[in-house]
Amino acid sequence: MITQRASICRFCSAGCPIVVDMQNGRPVRVTGNKASPMFDGFCCTRGQALPEQINDPQRLLLPQKRGLDGAYRPVGSAQALDEIAASIDRIVADHGPRSVALYLGTYTGPYPAAGPFAVGFARGLGTPMIFTSMTIDQPGKDIAAALLGGWEAGPQVFANADVWMVVGGNPLVSIGLTMPAQNPGKRLTDALARGMQLIVIDPRRTETARRAHIHLQPRPGEDPAILAGMIRVILKEDLHDHAFAAENVAGLEALWRAVEPFDPANVAARADIPEADLIAAARLFATRARGLAAGATGANMSGRSSLTEYLIAVLNTICGRYLRAGEAVANPGVLLSRATPRAQARPPRPARGLGETMVVRGLGMAASGMPTAALADEILAGEVKALFSVGGNPATAWPDQPRTIAALEQLDLFVQLDIRMSASAKLAHYVIPPKISFEVPTASFAKENIEIYAPVFAVPEPFGMYAPAFMDPPEGSDLMEEWEVFYGLAQRLGLELKIHHANSVAGLARAPRPPAQVDMKTKPTTDEILELLTAGSRITLDEVKRHPDGALFAETIIVAPRDSACEARLNVGDEAMMSELGEVLVEPPAAQRAAGAYPFQLISRRAAHVLNSAGRDLPMLVRKGGAYNPAFMHPDDLEALGLRAGNRVQIRSPHGVITGIVQPDETLRRGLVSMTHSYGDLPKLGLDVAQHGSNTSALTSVEDDYDRFSGIPRMSAVPVDVRPQA
Ligand SMILES: Nc1nc2c(c(=O)[nH]1)N[C@H]1C(S)=C(S)[C@@H](COP(=O)(O)OP(=O)(O)OC[C@H]3O[C@@H](n4cnc5c(=O)[nH]c(N)nc54)[C@H](O)[C@@H]3O)O[C@H]1N2
Ligand SMILES: Nc1nc2c(c(=O)[nH]1)N[C@H]1C(S)=C(S)[C@@H](COP(=O)(O)OP(=O)(O)OC[C@H]3O[C@@H](n4cnc5c(=O)[nH]c(N)nc54)[C@H](O)[C@@H]3O)O[C@H]1N2
Ligand code: SF4
Ligand SMILES: [Mo]
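Residues numbered from 1 in each chain as written. Chains lettered and ligands numbered in written order. Predicted model: local features only at pLDDT ≥ 70, side-chain atom pairs only at ≥ 80, totals over all residues. Heavy atoms only, no water.

A. Broad picture of the site of ligand 1. As a matter of local geometry, ligand 1 sits amid 31 residues, with S174, D202, D223, T297 and V610 nearest to it. Contacts to ligand 1 include V173, whose backbone N or O atom sits 3.1 Å from a nitrogen atom. Here an oxygen atom of ligand 1 sits 2.8 Å away from a polar atom, N or O, in the main chain of N612. Sorting the residues of the shell around ligand 1 by element identifies α6 (171-174), α13 (297-301) and β25 (600-604) as the ones contributing at least two each. Broken down by class, the residue content of the shell around ligand 1 amounts to eleven nonpolar, 13 polar and seven charged. Among the domains, domain 3 (156-321 + 570-577) and domain 4 (594-724) are the pair contributing at least three residues each to the shell around ligand 1. (Near = heavy atom within 4 Å. Polar contact = N/O pair within 3.5 Å; in protein donor to acceptor, adjacent residues only side chain to side chain. Helix = DSSP H or I, 4+ residues; strand = E, 2+ residues; numbered from the N terminus. Nonpolar A, V, L, I, M, F, W, Y, C, P; charged D, E, K, R; others polar. Domains from an automatic or database assignment.)

B. Main features of the site of ligand 3. Contacts to ligand 3 come from C9, F11, C12, A14, G15, C16, F42, C43, C44, R46, G47 and I175. Residue composition of the shell around ligand 3, grouped by class: nine nonpolar, two polar and one charged.

C. Representation of the domain arrangement of the chain. The domain architecture assigned to the chain consists of domain 1 (1-55), domain 2 (58-137 + 329-443 + 472-547), domain 3 (156-321 + 570-577) and domain 4 (594-724). The C-alpha-based centres of domain 2 and domain 3 are spaced at 34 Å. The interface of domain 2 with domain 3 comprises five residues on the first partner and six residues on the second. Carbon and sulfur atoms supply 64% of the area that domain 2 and domain 3 bury against each other, a total of about 420 Å² over both sides. On the domain 2 side of the interface with domain 3, the three residues burying the most area are D137, A345 and P348, jointly 70% of the side's total. (Contact = heavy atoms within 4.5 Å. Buried area = accessible area lost by both parts, 1.4 Å probe.)

D. Structural context of the sheet that holds strand β6 (residues 100-104). The seven strands lie next to each other as β5-β4-β17-β16-β15-β6-β7, forming an open sheet whose pairing is mixed. Among the strands making up the open sheet, the edge pair consists of β5 (72-74) and β7 (130-132). Within this sheet the neighbouring strands show an average axis-to-axis angle of 20°, counted without direction. As judged from the three bridges shared by β6 and β7, these two strands associate in the parallel manner. The residue of β7 that forms the bridge with L104 is T132. (Pairing = 2+ DSSP bridges. Axes fitted to C-alpha atoms, helices over the stretch in contact; angles between N-to-C directions.)

E. Representation of the pattern of salt bridges within the structure. Tallied over the entire structure, the rule returns 40 salt bridges. Where D721 meets R723, a salt bridge forms, and the shortest distance between an N and an O atom there is 3.2 Å. One connected set of salt bridges, linked through shared partners, spans R304, E580, E583, E587 and R708. (Salt bridge = Lys/Arg side-chain N within 4 Å of Asp/Glu carboxyl O.)

Written out as C-alpha cells, the structure is:
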C-alpha cells in the first residue's frame with residue numbers, strides 16, 4: 001500500500017514542498033506538493049530522484065575508518081567519535097586550536113542544524129578557521145555589501161519589478177539566486193506577461209537569456225567594463241535617481257571620474273557586443289520604475305569578483321532600487337525574527353583585514369569570511385593539521401585540484417561527513433555518514449536564512465513549513481545527523497556549544513536574537529534543536545507545524561522613515577574599487593591576455609540534473625543528463641578543429657590539462673568551452689571520462705587572478721587550448 005506524506009525536498013537548498021509516496025517504509029516516488037502555496041507544485045528532476053538518493057545501494061550506512069593499508073572498514077559511530085576527539089585533543093595540545101579547520105559545503109544548506117553546530121564546535125574549540133563554499137562561489141556579494149553599505153529595508157523585489165537584470169547566472173537551471181527560487185520558470189513567465197523587461201549578460205544564450213529583451217552576449221571576463229560602461233551611460237544621460245542619491249548616496253563624483261573613461265564604444269569593442277545594445281540596456285534598466293540587477297557565479301568566477309558585485313550594487317544604488325518609507329516589505333520573515341525595516345543605509349565597513357591572517361597572498365578574514373581558496377596552502381605550510389568537511393567535496397570543488405589533493409593528503413586528521421565515498425571521502429581518515437531527507441525533521445528557515453548572504457536569495461512571500469521525520473534509516477545502519485557529530489565531539493572534549501544566529505549584512509534589518517546555549521548534559525532531539533534555531537521567530541515553530549503543507553503567514557510591515565540621527569550613506573565611490581576600475585582600464589581584454597597559446601576561454605555552467613558533485617551517478621539523473629560533463633563548444637569551432645560530437649580532446653590551460661568529450665552547443669559564442677564543475681573524482685584513479693567526467697578545477701590555479709579580498713581565483717574565463725586527443 002502506498003501512503004503519501006508532505007515534506008520538504010533536501011536535494012538542494014531551494015526547499016520545494018513535495019509529496020512523498022511511501023511503500024513498506026521506503027520512499028518510492030516524489031512529486032511537487034500542489035497543496036503548498038508559493039511553489040505551484042514545482043519539483044525538478046533532482047527532487048524526483050530523492051528516493052534513488054535515499055535508497056542508493058552505494059549510500060554509506062556505517063562510519064568508515066581508513067586502515068594503514070589504505071582500505072576503509074566500518075567502525076561504530078561512538079568509537080569513531082572517541083577516536084576523533086582523542087586525535088583533536090592531541091593536535092590542539094601540540095599545535096593549538098588554530099590547527100583545526102572546518103569547511104562547510106553545499107549540503108549544509110538543506111540541513112539547518114549542521115552549520116550552527118559545526119561553527120559552535122569550532123568556536124568552542126577556539127579556532128577561527130571556519131571556511132565555507134561561499135568564498136569559492138559568490139564572495140563578491142559580501143565584499144560589496146561591506147564597501148558600499150547595506151539598505152535596512154532591503155532591495156526592490158521581483159514580484160512587482162518592471163525590469164530585471166541577471167549578470168552571469170542562469171536561474172531557470174540553477175533554480176534561483178538571481179530570481180526567486182520558487183518555481184522560477186513560472187515566475188518569469190508571469191513577470192514577462194505583465195510587462196517586465198529582462199536583461200541578461202552571459203556569453204551563452206542560456207535558457208534564461210533566450211527569454212531576455214536584451215541579451216548582451218559578451219566575451220567572458222569583461223563584466224567590470226560592461227557594468228562601468230552602463231553606469232557611465234546612466235550618469236552621463238542623467239538617468240539616475242537624483243532624489244535618492246541626494247539623501248542617501250556618497251561618492252558620486254569619484255564614481256563619475258572612474259567610469260568616465262569607459263565610453264560605450266570602447267567597452268563594446270572590448271567585450272565584443274553591439275554598442276547600441278549596451279546603451280539600450282543601460283537606458284532600459286535606469287528608466288523603468290522598479291527592479292534589480294543581480295549577479296551570480298559567472299560574475300564572481302571570471303576575475304574581479306568583488307569589483308563586479310560592487311558595480312552591480314552601484315548600479316542598483318544610483319537607480320535607487322530600494323524599498324522606501326511607507327512601502328510594505330514582501331516577506332517580514334516567518335521562522336526568522338521580525339523585520340524592522342527603515343529607509344536608511346547601513347554604513348560601509350572594512351571588507352578585509354578583519355583579524356585572522358593566512359600564510360599566503362596577504363589573505364585573511366574578510367567580510368566574505370575566511371578564504372577557502374587559501375586553505376590548501378595553509379595545510380601545505382603545516383599550519384592546519386585537521387579538517388572537518390561537512391557536506392562539501394573539497395577534492396573536486398576547490399580550485400586548483402592538484403594543490404587541494406596534495407593538501408588533503410598531508411592532513412593528520414581529515415574527517416569527511418558524506419553520504420557516499422565521494423572523491424574527498426576517498427582521502428579522509430574517517431567518513432561519517434549522516435541520516436538524510438525524511439529520516440530527519442526540517443523547517444523552511446533553512447531557505448529563509450540564505451537571505452542573510454544576499455537579499456536576492458530571499459524567500460519572496462512569507463512561507464513557513466515544518467516537515468517531520470517519517471521514516472527510519474535503513475536497518476543495520478549506524479548514522480548520525482551532522483549536528484550530532486559535533487555535539488558528540490563537544491561532549492567528549494568538554495566544550496560548551498552555543499548557537500549563534502547570523503545577522504543580515506545585506507538584507508532586511510531584523511530584531512536581534514541572543515545566542516542560544518545547547519544543553520550538554522541531556523542530548524536534545526532534532527526537534528528541540530529546531531526550536532532553538534527558530535527561537536524568537538516572528539511565527540512560532542508550533543504555529544507553523546499546524547499547517548502540514550506549509551502556509552503563508554502574512555503581516556503588513558511598513559518601512560519606517562530614516563531615523564533622524566542616521567547619517568549613513570551608501571558609498572558608490574569606494575577608493576579601492578575605483579582604483580581597481582583604473583586597473584581594468586589599462587589591462588588588455590581577458591580574451592587577449594593569453595590568446596597566442598590559449599585561443600579559447602573555459603567558462604562555468606550548471607547542469608540541470610545534478611547539484612555540483614551530487615547526483616552524478618543516480619540512474620534517473622544519468623538518464624536525464626548523461627554520466628559525464630561534456631565540453632560544450634560552438635559547432636563552427638568544432639568543425640574548424642576537425643572535431644565531431646563525442647570526440648575526446650585535451651583541454652590545456654596554463655595550470656593543467658584534462659581530457660574532455662566535446663559536444664556541440666549553438667548557444668555559445670565562438671571561442672568558448674563551457675563545462676560544469678566537480679566531475680571526475682580523483683585523477684589518480686584514472687577513471688574513464690565517459691563514465692565519470694573530468695574536473696575543470698585541475699585547469700585553475702589559486703594564484704591566478706585571485707581576488708584580493710576573498711581570494712577566489714579565476715574559475716571561469718580561463719584561457720585554454722583544445723586539441724584532438726592523439
Ligand atoms: N541544477 C543545478 N542547480 C544548481 C547547482 C547545480 O549544480 N545544478 N548548483 C547550485 C550552486 S552551488 C550555485 S552557487 C548556483 C549558481 O547559480 P548560477 O550562478 O545561476 O549558475 P549557472 O547556471 O552556472 O550560471 C552561471 C552563468 O554564468 C555564465 N558565465 C560564465 N562566465 C561568465 C562571465 O565571465 N561573465 C558573465 N556575465 N557570465 C558568465 C555562464 O555561461 C552561466 O550561464 O546554482 C545552484 N543550483
Ligand atoms: N571550476 C569550478 N569550481 C567550482 C565551481 C564552478 O562553477 N567551477 N562552483 C563552486 C561553487 S558555486 C560551489 S558552491 C562549490 C561546491 O563545493 P562543495 O559544497 O564543496 O561541493 P559539492 O560537490 O556540492 O559537495 C557536496 C558533498 O556533500 C555530499 N552529500 C550529499 N548529501 C549529503 C548530506 O545529506 N549530508 C552530508 N553531510 N553530505 C552530503 C555529497 O556526496 C558531496 O560529496 O564548488 C565550487 N567550485
Ligand atoms: S529545486 Fe532543489 S529543492 Fe526544488 S525539487 Fe529541485 S532539487 Fe528539490
Ligand atoms: Mo555554489
